[in-house]
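Fold and geometry: a report
Chain residues, written in single-letter form:
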Amino acid sequence: MKVLESGVAELFAKPDPYEFREWVHKNKSQAMTDKLMTEQEAVAKFVADGDSLGTELYGTVRAPISLTREIIRQGKKHLRVAGQGITEIDFLLAADLVDTLDITYVAWEVYGISSILRRAVESGRVKTADWSNGAMAWRFKAAAMGVPFIPVSSMLGTDTFKYSAAKMVECPFTGQKVCLLPALFLDIGLIHVHRADKYGNCQIDGISGFAHELSRASKKLIVSAEKIIDTDEIKKYPEHTIIPYYLVDAVVHAPFGSHPGEMCYLYWRDEEHLKTFLEESKDPIKTKAYLDKYVYGVKNQDEYIKLIGMDRLKKLQSMIGGR
Amino acid sequence: MKVLESGVAELFAKPDPYEFREWVHKNKSQAMTDKLMTEQEAVAKFVADGDSLGTELYGTVRAPISLTREIIRQGKKHLRVAGQGITEIDFLLAADLVDTLDITYVAWEVYGISSILRRAVESGRVKTADWSNGAMAWRFKAAAMGVPFIPVSSMLGTDTFKYSAAKMVECPFTGQKVCLLPALFLDIGLIHVHRADKYGNCQIDGISGFAHELSRASKKLIVSAEKIIDTDEIKKYPEHTIIPYYLVDAVVHAPFGSHPGEMCYLYWRDEEHLKTFLEESKDPIKTKAYLDKYVYGVKNQDEYIKLIGMDRLKKLQSMIGGR
Amino acid sequence: MAEYNETEFLICIASRLMADKTTAFIGTGIPMLAASLAKKMHAPNLVPAFEFGGVGASLQKLPLGVGDSRTFHKAVLAAGICDMMETSARGFIEYGFLGGAQIDMFGNLNTTVIGAKYWPPKVRLPGSGGANEVASFCWKTIAIMRQHDKRRFVKKLDFLTTPGYLTGPGSREAAGLPPNTGPYRVVSNLGLMGFDEKTKQMTLLATHPGIKVEQVLENTEFEMLVADNVTENKPPTTEELRILREQVDPDKLYI
Amino acid sequence: MAEYNETEFLICIASRLMADKTTAFIGTGIPMLAASLAKKMHAPNLVPAFEFGGVGASLQKLPLGVGDSRTFHKAVLAAGICDMMETSARGFIEYGFLGGAQIDMFGNLNTTVIGAKYWPPKVRLPGSGGANEVASFCWKTIAIMRQHDKRRFVKKLDFLTTPGYLTGPGSREAAGLPPNTGPYRVVSNLGLMGFDEKTKQMTLLATHPGIKVEQVLENTEFEMLVADNVTENKPPTTEELRILREQVDPDKLYI
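Here the structure is a predicted model, which means the values were calculated and not measured. (Residues numbered from 1 in each chain as written. Chains lettered and ligands numbered in written order. Predicted model: local features only at pLDDT ≥ 70, side-chain atom pairs only at ≥ 80, totals over all residues. Heavy atoms only, no water.)

**Quick word on the nonpolar core**
- Core analysis: the biggest nonpolar cluster contains 396 residues, and Leu 181, Ile 222 and Ile 243 of chain A together with Leu 181, Ile 222 and Ile 243 of chain B have the highest contact counts within it.
- If sequence neighbours within four positions are ignored, Ile 243 of chain A has contacts with Ile 191, Val 193, Gly 200, Asn 201, Cys 202, Ser 215, Leu 221, Val 223 and Val 248 of chain A.
- In this structure, Val 178 and Leu 180 of chain A together with Phe 149 and Val 169 of chain B belong to the second largest nonpolar core, which totals 14 residues. (Core = buried A, V, L, I, M, F, W, Y, C linked by side-chain atoms within 4.5 Å. Buried < 20%, exposed > 50% of the residue type's maximum accessible area, 1.4 Å probe, protein only. Contact = heavy atoms within 4.5 Å.)

Structure follows, in structure tokens:
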């Protein structure tokens, strides 16, 4: 089972489950303690310059974007970003806080490529390693499993493999060639959920994306929640807990925390806002103006909600589909 | 990344995801079709002599035991059994239908070792390979992921490793020694669930054991369900579907399908029946008498329920805890 | 005959490729419209699968992304990305739809960078996204190329993001990819292409109304094979157009 | 002083080893009773984890198996076995409880076969169960041995099912197991043992009331180390016994 081929990219984070274990044991409590705090406190306390950072989910869906705005306000820099959270990545790139990017896909789906990504990468400001969507999710999954790698049959035969940091080996059981993906342990993970209790037990409606995997792959984890619920509600349906308290460092109450993205069953995405942002993002100066207004120009999520306006948010609530 | 050590056991099933893919593509439909049938039809149609067979869950919990009784009645033999379903394994061993056993733990927890297992293995009738509970679940998980193996840091340094069919290699990313577990693809899987629709979309309450993994690791899958529900109920809460229809070949309506085991929120386990069985299982003749009465002596689950008696079953319902 | 635009035609062609009672990995854009149209026309029991977790959605309303709430509205499953990708790895997804900035004769695709250098690149494109899993695991993949020209149908990709038949017959298997998979069709604004069974080279099967075989070849940088019997694709029917416009995309988000 | 039987005493000793506000992997039998007792005594915020998915159960009623409904009654999580085992692999479970038919001086355990031959064996025991994951991943494992004699505390195991310190210092790490883990305590019907920090050999720390150090050594086949300061374990308190009998196991399933 020798290594037949290796991707040329740098590993932006070390795939060592034993280092992760030791860190967790030293730094995280196993006790159920009240972790409710403001976004300012959570980001100040748990996000550091140089952190490897990942966010969940994808595109404009259940995006932990209120937390991302706070990271930008606090100017946490030299971040090594991974994941598929397009809104968050575009914002962080726009604020020039990113050094390296494990990229799978950054674009605005139907609205096309990201001007911000183009400027950041084509200028050489941000280093990249390429992966597929599946590969990135599996890298978090490997970390969540507490193992240094995971074998898959994807990315084989491609330049995506070549410009990743994966390796190809022969399976010692079947002789098949398989691609080994290194686990991606994050310093800090951000996830936005429908409901959480003050200890950090979380429930999500609809698709779960890679919340299970990313929450377990993160040394430090901040969750923002549309609603804070009583622990009795958690205990009534323990099978609905997707993120248990012991993974979580901070719980932030963040209504409309995914705006301008959507939150299934709660509010639809703000098409008008997004289109404006995407138009403005084509120009660096206008991008800066957008950040000035919607990120730096507000102190927190409360002020952001006021800026957007409840009328508009109520309309988005009325547009979302039911079950 | 060369193989440093190999377990000596035989692989009772081939860990080849590509053979699995081809089989599934040739033999399973992607259409939503009505798969409701009797246990007799399901077992006759989908279980074959010589099959590798796995059952979920563990001990006396959510046990697909009504299906197991039908397999015994139909005398499906030379089975290669894997999994942790203690009740089912003990029954199949008692009926002498098992050739090989991937064993993790067969015993009656608080009531101690299995006399049936002892007779079957000590006599040399049943060949074994040893694994841990985690390892077996991970082997199903590897199969569910469509990969030939999974790395873990368990079983290292032990005779459990030595008498398994695992391999040890050095991780090409970290240099750590890791244990590689071969995927376990089953010919036939049996799972008992709380609710299913006629297409095979299933919901489970409480712990999910390894239903996700085993259902996805099985070429053929029979689910039995306490209740058959309308597909509209499935579609209302698609996040509660743990087994989607395309994995399923047969849906069997089986109230009390886990008796004498328990079904969370529905009925508690039948302590008296279990104790009697365990006492009788110490003696081969009495074991046969038990099977004669409770398995061969009834035609199907309906008759079994009549034999046990609704009074007793209602009492078990009254003993189960709520949420 | 009703008038229609190129996008509408592409959607209809892609839609007709979707068989009833099968599963298909649906990406953003044309595949979503095509799947929605197919479900309302000839394939009511088509099962759309979206990579972030939705399977069997009604597609009553058009999703705007592969993870939005419409991808699992009245679905039979709302899981996560790993389950979806692994389901395709195990062989449960029949069709996959792909797009790209460049495609070559073996159906390989580029969605990563334009230019000779990986980093810093001349033009940075989105990246693989889920395309590697779609192209590696689905039994039949269909590429949709909105613009058929020599800059897009190229001899050599700047970057091979997603595997088609790689360097030709047997090379997918040699690379370790699952057997009996690979590109099945390519739909462009000029015609419909398949792949030669023996050489795995892209082969023109049908042209769109008014398009000549030569036009397709002239707009292709590599040597395109031509089927013995090139047919003409039927234009969208009145019924297809009506459903597409009134039911699939009434808000004109795409068409 | 209240009367008590050996099982009750074992439960109390095991219970006292459980710290408040920590997580512990709980197996069937004595660990369940001990955890339940601990939660009602000194460790109300002990978080019991069961290998088939339950975390944080109330333990109001005593579970009969590691997957039954009482293992997740009013729990904060009801997941599956993979999540639990992986949670321990990532270092989130502090204590693990184990048992066995044989234990050796390094805390290795046998629960697989008795006799020299693996197959067919003289006596077939249950197998590893979840013990390998508990012993590999929990930070501190505690073995409970109901019968302390030379057939059980042996020089050489017939089968090394579950890793203790394997062949001594550094051998867990050399085998690839996570650093800073391993056996922490052994509770038997004669006393309480730990492991020497340097040599990793089992060391007598405390005897039960009325038991002499010599008795422990005589009933141990291997050479047991003896701590400089062997203490005597305190017998069950009236309060412990009351709660154990009235609240933990009122139906006398175990005691």
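**Quick word on the interface of chain C and chain A**
- In this assembly, 51 residues from chain C lie in contact with 55 residues from chain A.
- Interface area for chain C against chain A, summed over the two sides, is near 4200 Å², with a carbon-plus-sulfur share of 61%.
- Ranking the residues of chain C by area buried against chain A places Phe 52, Trp 119 and Arg 124 of chain C at the top, with a combined share of 16%.
- Linking Lys 141 of chain A and Glu 86 of chain C is a salt bridge whose minimum nitrogen-to-oxygen distance equals 2.7 Å.
- Classifying every residue of the side of chain C that touches chain A by side-chain character gives 25 nonpolar, 18 polar and eight charged. (Buried area = accessible area lost by both parts, 1.4 Å probe. Salt bridge = Lys/Arg side-chain N within 4 Å of Asp/Glu carboxyl O. Nonpolar A, V, L, I, M, F, W, Y, C, P; charged D, E, K, R; others polar.)

**Quick notes on the pattern of salt bridges**
- For the structure shown, the criterion picks out 60 salt bridges over all chains.
- Of the charged contacts, one joins Asp 249 of chain A and Lys 28 of chain A as a salt bridge, the two residues approaching to 2.8 Å between their closest N and O atoms. Of the two residues, Asp 249 of chain A sits in the loop between helix 9 (231-236) and strand 12 (250-253) while Lys 28 of chain A sits in the loop between helix 1 (17-27) and helix 2 (39-46), which places them 221 residues apart along the sequence. Here the two residues Asp 249 of chain A and Lys 28 of chain A agree in accessibility, since each one is buried.
- Measuring nitrogen to oxygen at the nearest pair gives 4.0 Å for the salt bridge that ties Lys 219 of chain B to Asp 187 of chain B. Pair noted here: Lys 219 of chain B is in strand 11 (residues 218-228) and Asp 187 of chain B is in strand 9 (residues 186-196), with a separation of 32 residues, a long-range link. By the burial criterion, Lys 219 of chain B is buried, and Asp 187 of chain B matches it.
- One network of salt bridges, with partners in common, ties together Glu 19, Arg 80, Asp 187 and Lys 219 of chain A. (Helix = DSSP H or I, 4+ residues; strand = E, 2+ residues; numbered from the N terminus.)

**Focus on the packing of helix 3 (residues 65-73) of chain B against helix 11 (residues 284-296) of chain B**
All names here are of chain B.
- Between helix 3 and helix 11, whose axes approach to 10 Å, the crossing angle comes to 110°. By the angle between their directions, the pair helix 3 and helix 11 is classed as roughly perpendicular. Residues Arg 69, Ile 72 and Arg 73 of helix 3 lie in contact with helix 11, whose contacting residues are Tyr 294, Val 295 and Tyr 296. (Axes fitted to C-alpha atoms, helices over the stretch in contact; angles between N-to-C directions. Parallel < 35°, antiparallel > 145°, perpendicular 65-115°, else oblique.)

**Topic: the interface of chain B and chain D**
- Between chain B and chain D, the contact holds 55 residues from the first and 51 residues from the second.
- The three residues of chain B that bury the most area against chain D are Trp 138, Ile 207 and Trp 268 of chain B, which together make up 14% of that side's buried surface.
- Inspection of the region where chain B meets chain D yields 24 residue pairs in polar contact (both at pLDDT 80 or more).
- Contributing elements (two or more residues each) for the side of chain B that touches chain D: helix 5 (115-122), strand 5 (127-130), helix 6 (133-145) and helix 7 (159-162) of chain B.
- If you tally residues by element for the side of chain B that touches chain D, the top one is helix 6 of chain B, at six residues.
- Partitioned by chemical class, the residues of the side of chain B that touches chain D number 26 nonpolar, 16 polar and 13 charged. (Polar contact = N/O pair within 3.5 Å; in protein donor to acceptor, adjacent residues only side chain to side chain.)

**Quick look at the packing of helix 2 (residues 30-40) of chain C against helix 7 (residues 238-248) of chain C**
Residue and element names in this part refer to chain C.
- It is the contact of helix 2 with helix 7, at a shortest axis distance of 10 Å, that shows an interaxial angle of 115°. What the angle tells us is that helix 2 and helix 7 run roughly perpendicular. Regarding helix 2 and helix 7, the two cross each other, and that crossing is right-handed. In contact with Leu 33, Ser 36, Leu 37 and Lys 40 of helix 2, helix 7 contributes Glu 240, Ile 243, Leu 244, Gln 247 and Val 248.
- Its residues assigned to classes, the contact of helix 2 with helix 7 shows five nonpolar, two polar and two charged. (Left-handed = near helix turned anticlockwise from the far one by under 90°.)

**With respect to the state of the cysteines**
All names here are of chain C.
- Here the structure, examined in full by the defined rule, presents zero disulfides over all chains.
- Cysteine Cys 138 is unpaired, with the sulfur of Cys 82 as its nearest cysteine sulfur at 16 Å.
- Residue Cys 138 is classed as buried on the basis of its relative accessible area, which comes to 0%. (Disulfide = S-S within 2.5 Å.)

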